[in-house]
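Survey of secondary and tertiary structure
The primary structure of each chain is shown beneath.
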Amino acid sequence: MVPMGPLLLLPLALALAAQTGSQTAGQPGGLSTAERKGIADALFVGNLTLADLEFERKPFRDPYRIPLVDESLDRPLDAADSLLRLHRQGLASGSAALRAANVVLAGGPVRTTSATATPPPPAAEAAKVKPMPGIPTPVLQVATELAGSVAEASKEVREATKALDAKSFRQLMESLPQWAVEEPSIKFDFVQQPALPQAEILARLAKVDLVRIRKASIRLYDAVSAAKPRLAKLRSEAPFAGMWRGRLAGIQVEIGGTGRDVHNSRDAALCLDLGGDDTYRGRYGAGAGYAAVLVDVTGDDEYLLTDLALGAGLLGVGIAVEMDGNDVVRSRSLSLGAGLAGVGIYEDDNGFDMVRGVALTQGFGQFGIGLLFDRKGKDIYTSGLLAQGAGKTQGIGWLADPEGDDTYRCGGVVLNSPLFPDVHYSNGQGYGSGYREDTGGISGGIGLISDGSGDDAYVGETYCQAASYWFALGSLFDQAGHDTYSAYHYAQASAMHCTGAYLFDLAGEDGYLVKMGASHAIGHDYGVAFLLDRSGNDVYAARDSRPGIGNANGLGILVDAEGQDRYFGPPGAGNPGRGSGSLGVFADLGGDDVYAAGLADRQATAKEMWSVSLDADSGKTIPLEEAGAAVPRPGAQAFPGDAEMERLYRLATQWGVGTAQADVQKSLLKLQEIGVPALKWMVDRKLKDSDRLKNRAFASVIQLLGLEGRLLIAPKCASSNVDEARNALRITIDLRMQESAPHIPAALRNPKLERLAAQAAGPSLAREAVPELLALCASQDRLTALFALTSLADIADDQAVPTGQAMLSSPDLTLRKGALSLLAKFPEKARAIGRALMDTGDERSMRIGIELLAKVATEDELKRIAMRLRDPRPGVKMSAMTALNGRVPLESRPDLAVLMTDPNPLVRAVAARIDPGR
């Protein structure tokens, strides 16, 4: 868990970072100097710096947050460095990946180091091994040593879980996979009981020493790795046929010879097979409350497995190793490198393999580590859900494949309904997620997929290929090869809700295809998305592609460092959100590129709210009428009673998309026709437990009722029930309810409501709250300060002018831009402030002054700005051009023409996109 103490130092740390420019290059192996400079140049076009990437994006905290997730939200470029190093470590060896994952979960920094194995246990002398009929003594010797290591790891697992009695342990073991998968249609053959409530699962997990289990997994993995070369020699030096079963070191052991064996045990804690084309059924290499190991030396083997098999650790440790052979693996769920409150490792050293799983497979981790490491071979991976590098709370799921032309397919099991009637969730291929709730929920884990070389194909549906959801981190790394990425939606660096998504493709001519959108580096709702393609002639195409997009206060960064690239959508977009903005950053640093719209080769743009794009010079909800329903008339239907109201409310508060859309619209219509009695019932019984979907139903009924409906909800903004007040404030924000204004000051005085009330003050035009809002602009909570500032801009009370002027120099991007919007509400005062800033002689201040004057410019002010087209400083010239776009005074247009050939390439790039106007 993340200790809470250091989080209290965050405001100070961020302040120091803003002063020093905290996005600094770390150890070798991260972003190149040219890539960092390219991002900085793109930002400079919009009068931004690298420090402006660090505006606040964490409205909630909880003790389960992995520090690397926080780094992705706080310091995006530093996180890119950390992830690049982490992926490379993972490709070095299975041991390096396991150790690196442990360091990340422990909160340590990601460094470029070589993995050092723990010394293997001393070899037992053959004389000390009691001979057994049917098995050569050298084989028995290695088996005995490995059995001892497995027994020791099992002992550690039992010690780590000893605080749980047998019943509690069994309940937890059966609850964990159900909680992880969140999908009732996916069943587990060992689960007989319903899942415990989430709070109880967490309480029982707190009694388990997960660190001890992870340490035991490292020692056991090292012992297995040390035994592999000895087992390979024994195939020729001590061959035997048939199967031996018995007990060694107190555990059940199964040893197959060099022939075609059938393994069908469900209780073998150690299974060794020296060769042959074997068949496996049952449960091998899976530890549930203990440790288990499988090593198959060679052969084209077939696996027909159940749930919890082949490298799965469920409150335990499971390791499965395939050393050679072209294998076909058909497993179900919780398999092939799955760690659920434990560690699961599946390793394949060589061969062209076909590997299948359903869910929680092929590198999945929650409260533990799941690792699939395939050293080389042209492999085909097929899975359904939460797979191929997927991590949930306090977990790391990792698929690492250093070599081969590989195919990754994820999806086809659980429909993403009602959003799409025929498209599935993938939740894989570098995917992390948590448990989202309006009050904060539980942070997620880290999902990684690392591919070293080969022409690879990544095929997914929704939430895949570096995607994440809710305080988590998803990352895909492909080091080399001509790769193809294909998905439907929420893919290819897609960060949804306070989360990080990072995709790195370092070489090759690649195709990025998304059939819908929310892709190509989109950071949504405080999300941070980063896509880096280092070299190659690439194609970016999607129905709604906007490479490098920030939405709802998110950040999206797309960097293509080299190549002749083709972009389907206009790059760089920042959209307004919560009275503030979002940041979209696009930088193409080399090559002759073609854009369908929005940019051209060797051009640059800066736009509100906020976005920057640089191509460097290389040297709906359907209205009721449409749905066929009549316009509702309040009071047309009598109050139907509690039971029918419960039914209508349940249907009306579904997600109103796809197949559920008609039910939602019909139920809302009936609630609207019942009118005031329906709203009173909803307020009395449902408001305190409402959420974002249910609030939409409230808003729909309130809008139809008008003043009478708004007056029913407004007083609840200051309710003594905090949950009730929160939802009333959210509805106030959505409907911009001025009737709530008298109740906002009381809400601001409640620390639990302060931030939300500050956000609601603007939409409600709560002038009564201006003194409190002015004080909150200095809050250490930067989101509260931002909401206070944007609300002051909505209210437009001139008491706020000095505060706005002071905050123009804020190191925080959102506060600085919010101050500009606030001052623009007072044109005369803004002009005076802008002129004064332009006269300071300081380049940064001059650019801010130009930006402010541009918002309130008269003809005289435009001429004043146009004079700066001759300024010797590149930044001032770029700001002046951006401010004059579409309205350059006639007498200054020759100056603009001169800038088309300016010595500075950034100035030339901006000048190429400026429209002088008519």
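Provided above is the structure to which this section pertains.
A few points on the structure. The structure displayed is predicted, hence computed values, not measured ones. (Residues numbered from 1 in each chain as written. Predicted model: local features only at pLDDT ≥ 70, side-chain atom pairs only at ≥ 80, totals over all residues. Heavy atoms only, no water.)

Details of unusual backbone geometry
Apart from glycine, the bulk of residues carry a negative phi angle, and the bulk of peptide bonds sit in the trans form. Where we set the bar: Numbering goes from the N terminus for both helices and strands, where a helix is a DSSP run of H or I of at least four residues and a strand is a run of E of at least two. Here's how the labels work: a residue is buried when its accessible area is under 20% of the maximum for its type, exposed when over 50%, partly exposed in between, all with a 1.4 Å probe on protein chains only.
The omega angle of the peptide bond from S417 to P418 is 15°, so this bond is cis rather than trans. We note that R602 has phi near 65°; this positive angle belongs to a residue other than glycine. Along the chain, R602 falls in the loop between β42 (594-595) and β43 (604-607). Under the relative-accessibility criterion, R602 is labelled partly exposed at 35%.

Some remarks on the packing of helix α12 (residues 676-686) against helix α13 (residues 692-705)
Inclusion rule: Fitted lines through C-alpha atoms give the axes, limited to the stretch in contact for helices. The angle between two N-to-C directions lies from 0 to 180 degrees. By definition, any crossing whose near helix is turned counterclockwise from its far helix by less than a right angle is left-handed, and any crossing with a clockwise turn is right-handed. Two residues qualify as a contact provided that any one of their heavy atoms is within 4.5 Å of a heavy atom in the partner residue.
The contact between α12 and α13 brings their axes to 10 Å, and the two run at 145°. Like other packed secondary-structure pairs, α12 and α13 cross with a definite hand, here left-handed. In this structure, α12 contributes V676, L679, M682, V683 and K686 to the contact, and α13 contributes A697, F698, V701, I702 and L705.

What to know about helix α19 (residues 782-795)
We apply this condition: One less than the residue count of a helix, multiplied by 1.5 Å, gives the span that helix is expected to have. Polar contacts here mean pairs of N or O atoms no more than 3.5 Å apart (in protein, one a potential hydrogen donor and the other a potential acceptor; neighbouring residues in sequence count only if both atoms are side-chain atoms).
Compared with an ideal rise of 1.5 Å per residue, which puts 14 residues at 20 Å, α19 spans 20 Å between its outermost C-alpha atoms and is within 8% of the ideal. Of all 14 residues in α19, 13 are buried, a share of seventy percent or more. At the N-terminal end of α19, a side-chain oxygen is found 3.0 Å from the backbone nitrogen of L783, two or three residues along, and the residue is D781. Just past α19, the residue A796 takes up positive phi, approximately 60°.

Section: the packing of aromatic side chains
Selection criterion: Centres within 6.5 Å make a pair out of two Phe, Tyr or Trp rings, where for Trp the six-membered ring is used; the pair is then stacked when the planes are under 30 degrees apart, edge-to-face when over 60, and tilted otherwise. Counting as a charge over the ring demands two things of the Lys NZ or Arg CZ atom: a distance within 6 Å of the ring centre and an angle within 35 degrees of the ring normal.
Enumeration over the complete set of coordinates arrives at 27 aromatic pairs. Geometrically, the ring pair formed by Y64 and F367 is edge-to-face, given 6.0 Å between the ring centres and 80° between the ring planes. Remark: F367 occurs in the loop between β16 (364-366) and β17 (369-374) and Y64 occurs in the loop between α2 (33-45) and α3 (67-74); sequence separation between them is 303 residues. Under the relative-accessibility criterion, Y64 is labelled buried at 12%. Residues Y425 and Y463 carry aromatic rings whose centres are separated by 6.4 Å and whose planes lie at 15° to one another, so their mutual orientation is stacked. A residue pair is termed long-range when its members are at least 10 positions apart, and Y425 in strand β23 (residues 425-428) and Y463 in strand β27 (residues 462-464) qualify at 38 residues. With relative accessibility at 10%, the residue Y463 sits in the buried group. The rings of Y381, Y408, Y458, Y485, Y512, Y540, Y567, F586 and Y595 are connected pair by pair, giving a single aromatic cluster. Against the face of F55 rests R57, its NZ or CZ located 4.5 Å from the ring centre.

Focus on the sheet that holds strand β20 (residues 390-391)
Threshold: Strand pairing is assigned whenever DSSP detects at least two bridges linking the two strands.
Sheet architecture is open: eleven strands sit in the order β6-β9-β12-β16-β20-β24-β28-β31-β34-β37-β40, paired in parallel fashion. Both outer strands of the open sheet, β6 (286-288) and β40 (573-574), are each paired with one neighbouring strand and no more. The pairing of strand β31 (residues 494-496) with strand β34 (residues 522-524) spans three bridges and is parallel. Each residue of the ladder has a partner; that of M496, found in β34, is H524.

Nothing here speaks to function; it is geometry throughout.
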